[in-house]
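Per-entry structural report
As a plain string of letters, each chain reads:
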Amino acid sequence: MRVALFATCLGDRLFADACADAVRLLRHLGVTVEFPRGQTCCGQPAHNAGHVDEARRMARHTLDVFADAEYVVLPSGSCAGMLRHTYPGLLEGAHADQARLLAGRTFELSQFVVEVLGVTDLGDGLEGRRVAYHHGCHALRSLRIHDEPLALLRGAGAQVLPWEADQECCGFGGLFSVKLPVVSAGMADRKLDTLPPVDVVTSSDGGCLMQLSGRAGRRGEAIPFRHLASLLWEAVS
Amino acid sequence: MSAPRPGGYAQAAADAIRNHPEVRSAVTAATRTFDTHRVEAWKEIDSDRWRDWARDVKQNVLTHLDRYLEEAEARLTQRGAHVHWAENASEALDLLARITERHGVKRVVKAKSMLTEELGVNASLEARGIRVRETDLGEYIIQLLGQPPSHIVGPAIHLSVDDCRRLFHERFGTPLDATPDALAAEARRALRADFLAADLGISGGNFLAADTGTLALIENEGNIRLSTSTPRVHVAFVGLEKLVPRLADLSGFLQLTSRSATGQAIGTFVSLITGPRRTGEPDGPEELHVILVDNGRTRVLADTKAWEALRCVRCGSCLNICPVYRQTGGHPYGYTYSGPIGAILAPGLLGLEEAMPLPFASSLCGACADVCPVRIPIPDLLLYWRERAVEAGLVPGLERAGMKAYAAAAERPALFGAAAASLRHIPWDRGGRALPVLGAWTGERTPPAVSPTSFRALWKKGIE
């Protein structure tokens, strides 16, 4: 089985280690991992801010880059949602057909491990670890991923603690975070104010982690945040 | 003080969050309670099927609106109601003025109605020396404070019980530790006199059934029934989109709206009004006027994307679930309808330029779409208006140019990689002056931790 990893623009620069851990995890599960060098950004920042022409250009570029991939796996529910649900409606004609084909082979990492590989037991590397899981909005509501990451974490022995605001938006939202920074930060505050005492906060999405850790930092709170890919690799090792 | 407008949203929202944390607490607590009740109430029905049905019925109404409107007008007229058509707010207010003048109206009682807020009914009446009394408890409270509603269903949602205690203490001399029941009793006592003295009652309309000309009103306090039946004249303002085809459809819509709004199986009082008092009937108004209001709705109807927003039944469930709305309540939106539904109604009804930046006042988390009883694709419509805003040049030129450059780079992987590599060298904490986008991030958050080596480079080296 061949997987083309789409590291995403954010993953490449801000979560490079997590992307490397995703590669390690997939290889450990018997998958051949490729990294198409032409990949850049899926276009979501442009799309969400209304810059549709720019989003189309990036979508067409991404389609070309991943044209030969057997599967595309992303360490991001948000970007995976862009490929699966937005591309087919965003593009037209032959590109839309191509986008529909790509959508069917595109998965967020935890979704791929559980749905495609059928694995929920990675190991017991997270034994006794108290974890808070933030459900990224697009993973949760666009891809309808809820149980998959929790099953993988719990399967590895982690204790996923109840968190009142675990399904609420962190306030990132791409350009939203800088267009309305005070509202955005207020939303992160609601997450942080309700956070139970844990060893680590994790999520499938780097954007959310960047937002939550940035706000926690500004509040002077030392909360460890780690990308789900890294925790899942830790579960194995 | 000039009337608030959407253009002040960013500043007003920031002010509310920074300087009025009690508003966020009150709104968050109340909306979470509303939503918890909705979840429970939806469990008792096959909510997915009900929502499909409600969407389809409303879609049908809007598709054949001309026919249903004429049918409703004919039925209402047959039953002795006066039907009027208002293309915009000033026509609606003129129609009301003619009615009040003819009847020499001095005192008006009002049932809660968002449409009358949209039209500015109270200010118009008061300017002509007519005393207006809001009779819904929440509306009454904010009328005493001189504020607009902060929520479609709970207009005083931004206030705490203590805020109300202080207000009633100042106005009526009730003790500062009065129970909510005691405050309600005080309001009831004051309002009773207003009901009995009123010459005219004003209401909105939750639904208007075309086949019988029946106006349906949902409430919990009984004030709507009193406002519409005690005074000699009843004027109902009804938006064109409020029609349902048949009286039988009300069964589903009344329940679905109540379940979505407050989690009740149905409102405590439902009034079905089919005309003025008839000979031999003991109560009801002598005259019933129904003013059918367009005020931008047909323009929205003609827009093949935006028209879906007209399905809205004003339950407020999208406000209740919205993490953006919960930060501030409705006031910073500067528009009658706030939250997610307000952000997609405002561009259609007010015009996009006037509604800016409301379509951008959302993180696109999608929670609203999951709770809408008529399945309005709110995030898609927010994106639609954003796209239109970019086309119309309503976003900053710097953003436009930046996005073009970003897309151009994204098509050239080597350039994109080089640009990404430079992220590491951005002087984040000093960047605000050069690039406002950096300052907007670091004003509220610490800079992101850029990986020492990009993944691209790690891959090239080989991942063990």
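From a predicted model like this one, the values you see are computed outputs, not experimental measurements. (Residues numbered from 1 in each chain as written. Chains lettered and ligands numbered in written order. Predicted model: local features only at pLDDT ≥ 70, side-chain atom pairs only at ≥ 80, totals over all residues.)

1. A word on the overall build of chain B
Across its full length, chain B holds 23 helices and 10 strands. In terms of C-alpha radius of gyration, chain B reaches 25 Å, essentially the compact-globule figure of 23 Å for 464 residues. Expressed as lengths along the three principal axes of its C-alpha atoms, the size of chain B is roughly 95 × 55 × 45 Å. Taking all 464 residues of chain B together, 49% fall into the buried category. (Helix = DSSP H or I, 4+ residues; strand = E, 2+ residues; numbered from the N terminus. Rg over C-alpha atoms; globule rule 2.2 N^0.38 Å. Buried ≥ 20, exposed ≤ 12 C-beta atoms within 10 Å, placed from the backbone.)

2. Some remarks on the sheet that holds strand E7 (residues 200-203) of chain A
All names here are of chain A. Across the sheet, which stays open at both edges, the four strands sit in the order E6-E5-E7-E8 with parallel pairing between neighbours. The open sheet has two edge strands, strand E6 (159-160) and strand E8 (225-227), and neither has a second partner. Bridge count for strand E5 (residues 130-134) against E6 is two bridges, and the pairing is parallel. Bridging across to E6, valine 131 finds its partner in valine 160. Each of E5, E7 and E8 is contacted by helix H12 (residues 206-218), which is oriented at about 170 degrees to E8, the strand it contacts most. (Pairing = 2+ DSSP bridges. Contact = placed C-beta atoms within 7 Å. Axes fitted to C-alpha atoms, helices over the stretch in contact; angles between N-to-C directions.)

3. Thoughts on the interface of chain B and chain A
Accessible area lost upon the coming together of the parts serves often as the stated size of an interface. On the side of chain A, 54 residues touch chain B, which itself brings 51 residues to the contact. Listed by contribution, the elements that provide at least two residues to the side of chain B that touches chain A are helix H1 (9-19), helix H18 (367-371), helix H19 (378-391), helix H20 (397-410), helix H21 (413-421), helix H22 (436-442) and helix H23 (455-461) of chain B. For the side of chain B that touches chain A, the residue count by class is 33 nonpolar, eight polar and 10 charged. (Nonpolar A, V, L, I, M, F, W, Y, C, P; charged D, E, K, R; others polar.)

4. Remarks on the sheet that holds strand E3 (residues 71-74) of chain A
Residue and element names in this part refer to chain A. Spatial ordering of the open sheet is given by E2-E1-E3-E4, a layout of four strands whose pairing is parallel. A single partner strand is all that each edge strand has here, and the edge strands are strand E2 (32-34) and strand E4 (106-108). Pairs of neighbouring strands in the sheet enclose a mean axial angle of 35 degrees, with direction left out of account. Across three bridges, the pairing between strand E1 (residues 2-5) and E3 is parallel. Bridge pairing links alanine 4 to valine 72 in E3.

5. Some details on the environment of leucine 69 of chain B
Residues and elements named next belong to chain B. One can find leucine 69 in helix H4 (residues 65-78). It is 27 Å that separates the C-alpha atoms of leucine 69 and serine 124, two residues lying 55 residues apart in sequence. Apart from residues no more than four positions distant in its own chain, leucine 69 is found in contact with Leu240, Leu243 and Leu292.

6. Remarks on the packing of helix H9 (residues 161-172) of chain B against helix H10 (residues 180-197) of chain B
Residue and element names in this part refer to chain B. Axis separation between H9 and H10 bottoms out at 11 Å; the angle between their running directions is 40 degrees. Of the possible angle classes, the one that applies to H9 and H10 is oblique. Both H9 and H10 take part in a crossing whose hand is left-handed. Counting all contacts with H9, which are made through Val161, Cys164, Arg165, Phe168 and Phe172, the residues of H10 involved are Pro180, Leu183 and Glu186. In terms of residue class, the contact of H9 with H10 is built from six nonpolar, no polar and two charged. (Parallel < 35°, antiparallel > 145°, perpendicular 65-115°, else oblique. Left-handed = near helix turned anticlockwise from the far one by under 90°.)

7. Some remarks on unusual backbone geometry
Residue and element names in this part refer to chain B. Cis peptide bonds are those with omega within 30 degrees of zero, and the linkage from methionine 356 to proline 357 qualifies with 5 degrees. Looking at the element boundaries, proline 357 is found in the loop between helix H17 (352-355) and H18. Phi is positive for asparagine 295, close to 45 degrees, though the residue is something other than glycine. As for its position among the elements, asparagine 295 is in the loop between strand E10 (287-293) and helix H13 (297-301). A positive phi angle is found at arginine 375, which is not glycine, with a value near 50 degrees.

8. Things to note about the pairing of E3 of chain A
For E3 of chain A and E4 of chain A, the ladder comprises three bridges, and the chain directions are parallel. Residue valine 73 of chain A lies in a different strand from E4 of chain A, and its bridge partner there is phenylalanine 107 of chain A.

9. Focus on the environment of cysteine 9 of chain A
Here cysteine 9 of chain A lies in helix H1 (residues 9-14). The residues contacting cysteine 9 of chain A, other than those within four sequence positions of it, are Thr40 and Cys41 of chain A together with Ala420 of chain B.

10. Things to note about helix H5 (residues 89-102) of chain B
Residue and element names in this part refer to chain B. Between the first and last C-alpha of H5 there are 20 Å, a value that for 14 residues agrees with the 20 Å anticipated at 1.5 Å per step. If you check which residues of H5 are buried, you get Ala92, Leu93, Leu96 and Thr100. Down the axis of H5, the buried set is contained in an arc of 95 degrees. They therefore lie on one face. In H5, the exposed positions that point more than 90 degrees away from the buried face belong to Arg98, Glu101 and Arg102. Looking at the packing, one finds that the buried side of H5 touches strand E1 (82-86), helix H6 (114-119), helix H7 (121-127), strand E4 (200-203), strand E7 (233-239) and E10. Taken from the residues just after H5, glycine 104 is the one with a positive phi, measuring 55 degrees. (Expected span 1.5 Å × (residues − 1). Arc of directions from axis to C-beta.)

11. A word on the confidence of the model for chain B
Mean pLDDT over chain B: 95, with 98% of residues reaching 70 or higher. Here the predicted complex scores 0.97 on pTM and 0.97 on ipTM. (pLDDT = per-residue confidence, 0-100.)

12. Description of the nonpolar core
Core analysis: the largest hydrophobic core is formed by 209 residues, its most contacted members being Cys19 of chain A together with Val293 of chain B. Other than its neighbours up to four places away in sequence, valine 293 of chain B contacts Ala86, Ala92, Leu115, Leu119, Phe237, Val238, Gly239 and Leu240 of chain B. (Core = buried A, V, L, I, M, F, W, Y, C linked by C-beta atoms within 7 Å.)

13. Brief notes about the packing of helix H4 (residues 52-65) of chain A against H20 of chain B
The interhelical angle for the contact between H4 of chain A and H20 of chain B, taken along N-to-C directions, is 10 degrees, at an axis separation of 9 Å. With respect to H20 of chain B, the element H4 of chain A is oriented roughly parallel. Residue-level contacts link Glu54, Arg57, Met58 and His61 of chain A of H4 of chain A to Met403, Lys404, Tyr406, Ala407 and Ala410 of chain B of H20 of chain B. Looking at side-chain class alone, the contact of H4 of chain A with H20 of chain B contains five nonpolar, one polar and three charged residues.

14. Thoughts on helix H13 (residues 228-236) of chain A
Counting buried positions over the nine residues of H13 of chain A gives seven, a clear majority of the element. Buried within H13 of chain A we find Leu228, Ala229, Ser230, Leu231, Leu232, Trp233 and Ala235 of chain A.

15. Let's talk about the environment of cysteine 137 of chain A
Along the polypeptide, cysteine 137 of chain A turns up in helix H8 (residues 137-142). Distance from cysteine 137 of chain A to glycine 81 of chain A, taken between C-alpha atoms, is 9.9 Å for residues 56 residues apart in sequence. Not counting the four nearest positions on each side in its chain, cysteine 137 of chain A is found in contact with Cys169 of chain A together with Cys365 and Gly366 of chain B.

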